[in-house]
Amino acid sequence: MPKVKTNSSAKKRFKLTGSGKIKRKHAFKSHILTKKETKQKRNLTHATLVHKSDEKNVKAMLNI
């Protein structure tokens, strides 16, 4: 049986924490930043966890 391939886009976007949760970055921080408030840009800087309802799909893409 062939090996299962990891989704290439998912492996670039998600990291696994020590406790097994999945870490992600916020969207809307890459370009067109002049119209966004400083507070919004600052809050988008920090990484966060994938929501519980999405964890199953992300783990399937990462073959975890």
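For the structure, check the block above.
Chemist: Can you tell me about the sheet that holds strand β1 (residues 15-16), naming the residues and giving the values?
Modeler: Overall, antiparallel pairing links the 3 strands, which are arranged β1-β2-β3 in an open sheet. This sheet does not close on itself; its edge strands, each paired only once, are β1 and β3 (48-49).

Chemist: So what about the nonpolar core? Which residues, and what values?
Modeler: If you look at the biggest cluster of nonpolar residues, it comprises 6 residues: Ala-10, Phe-14, Ile-22, Val-50, Val-58 and Leu-62. Those residues in contact with Val-58, other than ones at most four positions away along the chain, are Phe-14, Ile-22 and Val-50.

Chemist: How would you sum up the environment of Lys-52? Please name residues and give values.
Modeler: Examined against the element boundaries, Lys-52 turns out to sit in helix α3 (residues 52-62). For the pair Lys-52 and Arg-13, spaced 39 residues apart in sequence, the C-alpha to C-alpha distance is 17 Å.

Chemist: Please give an account of unusual backbone geometry that cites residues and values.
Modeler: The backbone of Phe-28 sits at a positive phi, close to 70 degrees, despite the residue not being glycine. Topologically, Phe-28 is positioned in the loop between β2 (22-24) and α2 (38-45). Residue Phe-28 is classed as exposed on the basis of its relative accessible area, which comes to 62%. Unusually for a residue other than glycine, Ile-32 sits at a positive phi of about 55 degrees. Along the polypeptide, Ile-32 turns up in the loop between β2 and α2. For Ile-32, a relative accessible area of 48% puts it in the partly exposed group.

Reading the values: rules and limits
Sequence order sets the numbering: in each chain, residues are counted from 1 along the sequence as written. Restriction of local features to residues with pLDDT of at least 70 applies here, the model being predicted, together with a cutoff of 80 or more for giving and counting side-chain atom pairs; totals for whole chains, interfaces and linings are based on all residues. Remark: hydrogens and water are excluded; side-chain values derive from all non-hydrogen atoms of the structure. Strands were regarded as paired on the criterion that DSSP finds at least two bridges between them. Numbering of helices and strands starts at the N terminus; helices are DSSP runs of H or I of at least 4 residues and strands are runs of E of at least 2. To define a nonpolar core, start from buried Ala, Val, Leu, Ile, Met, Phe, Trp, Tyr and Cys residues and group those joined through side-chain atoms within 4.5 Å. We call a residue buried when its accessible area falls under 20% of the maximum for its residue type, exposed when it is over 50%, and partly exposed in between, using a 1.4 Å probe and counting protein chains only. It only takes one pair of heavy atoms within 4.5 Å for two residues to be counted as in contact.

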